[in-house]
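Remarks on the overall topology
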Amino acid sequence: MNKNQQQNQYFVDLHVHIGRDNNDLPVKITASRKLTFANIAKECLNRKGIDIVGIVDCASPRVIEDIGTLMRSGEMRELKDGGLRYRDTVTVILESEIETREKNGRLSHQIAFFPYFADIREFSKKMKGVVTNLNLSSQNSGITAQEFFNIVNGLGGIVIPAHIFTPHKSVYGSCVAHLNEMFTPATIKKIPAVELGLSADTFLADHLEDLGDFTFLTNSDAHSLPKIAREYNVISMEEPTFKELLMALRRESDRRVITNYGLDPKLGKYHRTYCEECNNMASGFPPVFQCEKCGSKKVTRGVLDRIIEISDGRDTISPAHRPPYCHQVALDFVPGVGKKTLDKLFGYFGTEMNILHKASYQEISQVVGFKIAKDIIAAREGKLSLLAGGGGKYGRVDRESEDNKVFDSLF
Ligand SMILES: [Zn+2]
Ligand SMILES: [Zn+2]
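Description of the overall build of the protein chain
- Scanning the protein chain from terminus to terminus reveals 15 helices and 16 strands.
- In summary, the protein chain has a C-alpha radius of gyration of 21 Å against a globular reference of 22 Å for 411 residues, a match within 12%.
- Once the C-alpha set of the protein chain is aligned to its principal axes, its extents read approximately 60 × 50 × 50 Å.
- Buried residues in the protein chain amount to 50% of all 411 residues.
- The contacts of the protein chain with a sequence gap of at least 6 include a subset with a gap of at least 24, amounting to 67%.

Following this line, the structure appears as structure tokens:
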């Protein structure tokens, strides 16, 4: 047996927000009230089949208090190699997403990952001085990304740039064309991975020569329970701990991300350039910088448009270490799948992973009927025609498309 076969595969989503603390006080105002620490762990365990979840609001003093309570009650315990185990099932990684500001005023989101509870408490204390209200999620710190890295690195944590192409607040989306304009070469070596964000995938990101050495992460950035694991990573490692996770991101001793699962980038909220004047979504050859319809330059630039803009005309070339990227249409994008249908599906198949990737057409149709079964299978096979998202609006399944009608007639 080779070394690889001794390792286990884990389902991992490293970007989930907390909505409320246990006293129902807000942590992320735009996030769902049900998104508490304990509910996230339960959702991962019971519905999503997620083994490791990264919670990005752990530096909030309210969340720190909740974690302390869960640890004292014995529901959660700290692992020797880092990470917290909830009821001996789901591993929680302690993270903090912070907004940084470059000297020219440009903003980006960065995520700090810490192995131990004491580290994130220390980090939280340090950030109190630079963030206005640390209780709330993704707050502006006023420090640069490099300064943020220095703080996190000094406390034994790692930094991963979040949703790197998103307009307004991300490294490539709103700050720079190359990472070395933001971070020193020594820092770049210590950043093991980048998060692609919902509107990009490996195929698009590998247009950038800059990214060849980085591991790609596909995380949900969930603000509500159903959205957990709409993107996730399958990681091969020995144990679900912080130490093993870091080895996997660095691709050490056979630990690695073996598949990225993510939405078709068209379904993301910022895939194409969007006109803020006349609401037109760009459809022409990227990059589109101004509205194709009314000519306005008041646009929200699309992720696709931005990547092509800064790719220097390079084709997409994936390095040898790059794992396959598997597109998935999360269940809440499938037309006609509401709460009732979801409950039926979960009741029968257990987890979203089973429904999206394993259950057969016959099985699904017996539970929720032919029409929805057909759409779930079509989504799995990449056969649904999609309309691109942009300007903060998700993409969607194109019900009017001739392709989808042809597909309809096959059943
Ligand atoms: Zn963010
Ligand atoms: Zn326009």
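Additional details are given in the paragraphs that follow.
A closer look at helix α9 (residues 242-249)
- Counted residue by residue, α9 has seven buried out of eight residues, so it is predominantly covered.
- Of all the residues in α9, the buried ones are F242, E244, L245, L246, M247, A248 and L249.

Here's the deal with unusual backbone geometry
- P286 connects to P287 through a cis peptide bond whose omega is 5 degrees.
- Residue placement: P287 occurs in the loop between β12 (274-275) and β13 (299-300).
- Positive phi, normally seen in glycine, also occurs at D254, with a value near 70 degrees.
- Mapped onto the elements of the fold, D254 is located in the loop between α9 and β11 (256-262).

A short note on the environment of Y274
- Its location among the elements puts Y274 in strand β12.
- Judged by C-beta crowding, with 26 C-beta atoms within 10 Å, Y274 ranks as buried.
- For the pair formed by Y274 and A378, sequence separation is 104 residues and the distance between their alpha carbons is 28 Å.
- The contact partners of Y274, leaving out residues within four places of it in the chain, are M281, V299, T300, G302, G390 and G391.

Details of the domain arrangement of the protein chain
- Domain annotation of the protein chain identifies domain 1 (3-266) and domain 2 (333-411).
- Look at where the C-alpha atoms of domain 1 and domain 2 centre, and you get two points 29 Å apart.
- Of the residues lining the interface, eight residues belong to domain 1; the matching set on domain 2 comes to eight residues.
- Looking at the side of domain 1 that touches domain 2, its residues break down into two nonpolar, two polar and four charged.

Regarding the nonpolar core
- Within the largest apolar cluster, 116 residues are counted, with the highest numbers of intra-cluster contacts made by I50, V53, V92 and I160.
- The biggest single contributor to this core is α9, with six residues.
- Counting residues domain by domain, this core receives three or more from each of domain 1 (3-266) and domain 2 (333-411).
- For V53, the contacting residues outside a window of four places in its chain are D13, V16, I40, C44, V90 and V92.

Considerations on the pairing of strand β7 (residues 158-161)
- What you see with β7 is no split at all: I158 and I160 on one side and V159 and P161 on the other are buried throughout.
- Across four bridges, strand β6 (residues 107-114) lies against β7 in antiparallel orientation. When the sheet's bridge partners are listed, Q110 is paired in β7 with P161.

Describing the packing of helix α13 (residues 361-368) against helix α14 (residues 370-380)
- Between α13 and α14, whose axes approach to 7 Å, the crossing angle comes to 140 degrees. Regarding the angle of α13 to α14, the classification is oblique. The way α13 lies across α14 gives a crossing that is right-handed. On α14, the residues touching Y361, I364, S365 and V368 of α13 are F370, I372, A373, I376 and I377.
- Its residues assigned to classes, the contact of α13 with α14 shows eight nonpolar, one polar and no charged.

A look at the environment of R85
- Assignment of secondary structure puts R85 in strand β4 (residues 84-86).
- R85 has contacts with M76, R77, L79 and T91, leaving out every residue within four places of it along the chain.

Topic: helix α10 (residues 303-310)
- Taken together, the buried positions of α10 are V303, L304, D305, R306 and I307.
- Residues of α10 that are buried sit in contact with α6 (171-175) and α8 (202-205).
- Phi turns positive, to about 55 degrees, at D312, one or two residues after α10.

With respect to the environment of V56
- Residue position: V56 is located in the loop between β2 (52-55) and α3 (61-72).
- Separated by 39 residues in sequence, V56 and E95 have C-alpha atoms that sit 4.4 Å apart.
- Residues within four places of V56 in sequence aside, it is in contact with H15, V16, H17, E95, S96, E97 and I111.

Regarding the pairing of β11
- Strand direction decides the pairing type here: strand β10 (residues 232-237) and β11, joined by five bridges, are antiparallel. Residue pairing across strands places N233 opposite N260, the latter belonging to β11.

The rules behind these values
- Numbering of residues starts from 1 in each chain and follows the order in which that chain's sequence is written.
- The lettering of chains begins at A and the numbering of ligands begins at 1, in the order of writing.
- Where local features are concerned, this predicted model is filtered to residues with pLDDT of at least 70; where side-chain atom pairs are given and counted, the filter is 80 or more; whole-chain, interface and lining totals use all residues.
- In this text, helices come from DSSP runs of H or I with a minimum length of four residues, and strands from runs of E with a minimum of two, each type numbered from the N-terminal end.
- Throughout, radius of gyration means the C-alpha value; the globule benchmark is 2.2 Å times the number of residues raised to the power 0.38.
- Three exposure classes are used. Buried residues have 20 or more other C-beta atoms within 10 Å of their own C-beta, exposed residues have 12 or fewer, and partly exposed residues fall in between, all C-beta atoms being placed from the backbone.
- Two residues form a contact once the distance between their C-beta atoms, set from the backbone, is within 7 Å.
- As annotated, the domain borders come from an automatic or database domain assignment.
- Gly is placed with the polar residues, together with every amino acid not listed as nonpolar (Ala, Val, Leu, Ile, Met, Phe, Trp, Tyr, Cys and Pro) or charged (Asp, Glu, Lys and Arg).
- Connectivity within a nonpolar core runs through C-beta atoms within 7 Å, and the core itself is a set of buried Ala, Val, Leu, Ile, Met, Phe, Trp, Tyr and Cys residues.
- Only strands joined by at least two bridges in the DSSP assignment are considered to pair.
- Helix axes are fitted only over the stretch in contact, all axes being lines through C-alpha atoms; the angle between N-to-C directions runs from 0 to 180 degrees.
- Orientation is classified from the angle alone, with under 35 degrees giving roughly parallel, over 145 giving roughly antiparallel, 65 to 115 giving roughly perpendicular, and any other angle giving oblique.
- Two helices crossing with the near one rotated counterclockwise from the far one by less than a right angle form a left-handed crossing, whereas a clockwise rotation gives a right-handed crossing.

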